[in-house]
Amino acid sequence: MQRSWIGRSEGAEIAFATEGGGEDVRVFTTRADTLMGATYVVVAPEHPLARRVGESDSAVAKYIAETASKSDLDRTSAKAKSGVPAGESVVHPLTGERLPVWVADYVIGSYGTGAVMAVPAHDERDFDFAAAHGLPVKRVVAEPDGAAEVLEEAFTEHGVAVNSGPLVDGLATAEAKAKVV
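Everything quoted here is computed from the prediction, not taken from an experiment.

Caption draft 1: Structural detail: the environment of Ala154. Note that Ala154 resides in the loop between β7 (141-142) and β8 (160-161). Relative accessible area serves as the criterion here: at 12%, Ala154 is assigned to the buried category. It is 8.7 Å that separates the C-alpha atoms of Ala154 and Arg125, two residues lying 29 residues apart in sequence. Every residue in contact with Ala154, bar those within four places of it in the chain, is listed here: Pro120, Ala121, His122, Asp123, Glu124 and Phe127.

Caption draft 2: Summary view of the nonpolar core. Membership of the largest hydrophobic core comes to 23 residues, with the highest contact counts inside it found for Phe16, Val25, Val43, Leu49, Val90, Val103 and Met117. For this core, the elements supplying multiple residues, two or more each, are β1 (12-18), β2 (25-29), β3 (40-43), α1 (48-54), α2 (58-68), β4 (83-91), β5 (98-104) and β6 (115-118). Judged by nonpolar contacts, the second largest core, of twelve residues, contains Tyr40, Trp102, Val107 and Ala118.

Caption draft 3: A look at the pattern of salt bridges. Evaluated as defined, the whole model comprises nine salt bridges. Measuring nitrogen to oxygen at the nearest pair gives 2.4 Å for the salt bridge that ties Arg75 to Glu46. On the criterion of sequence distance, the pair formed by Arg75 in helix α3 (residues 72-77) and Glu46 in the loop between β3 and α1 is long-range, its members being 29 residues apart. Judged by relative accessible area, Arg75 falls into the buried class, the value being 2%. Ionic pairing is found between Arg139 and Glu143, a salt bridge with its closest N-O pair at 3.8 Å. By relative accessible area, which is 22% here, Glu143 ends up partly exposed.

Definitions and limits used
- Each chain carries its own residue numbering, running from 1 in the written order of its sequence.
- Whole-chain, interface and lining totals are the exception, using all residues; otherwise, since this is a predicted model, local features are given only for residues with pLDDT of at least 70 and side-chain atom pairs are given and counted only at 80 or more.
- Think of the side-chain values as coming from all heavy atoms in the structure, minus any hydrogens and water.
- Secondary structure elements are defined from DSSP: runs of H or I of at least 4 residues count as helices, runs of E of at least 2 residues count as strands, and each element is numbered from the N terminus.
- Any residue under 20% of the maximum accessible area for its type is buried, any over 50% is exposed, and the rest in between are partly exposed; the area is computed with a 1.4 Å probe on protein chains only.
- Whether two residues are in contact is decided by their heavy atoms, any of which lying within 4.5 Å being enough.
- As used here, the term nonpolar core means buried Ala, Val, Leu, Ile, Met, Phe, Trp, Tyr and Cys residues forming a set that is joined through side-chain atoms within 4.5 Å.
- A pairing counts as a salt bridge when a side-chain nitrogen of Lys or Arg comes within 4 Å of a carboxyl oxygen of Asp or Glu.

Set out below in structure tokens:
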């Protein structure tokens, strides 16, 4: 995906199966160690899934139309992260858990896959969006001393894996990334 990009990111592409057998939602992440902390998936208004849902859901169609007039810079720099539920779910690739899909303007269709696995405990934008929309936050990285206090903001630093299962719990971020990928 990012073979020839200047400043390309090292990471993994992860597929989330859509319920109902549609095309998988693929995300690119540099933090595969946080996969167990994904609590929802976000697609850009330009994403094919958003367009498909917008054909029959007037709230999604209206949201897509409203965001079309905003520049990428306006969308990513806005303090308030707006979005609407897509009314669809994807399946977490490791747990089989159903995760809701949202259409949100902080994800840009021309960047990466146009979709993100939202890990609000460890990404500031996802944290703000989750707080604004009452979405769950699951911590999967803690400080190296193992302290896993309640989060008042996203913990974006490296640390040790927690709440991620026996394969990676207790591993440092770099080791956990390697195990998950």
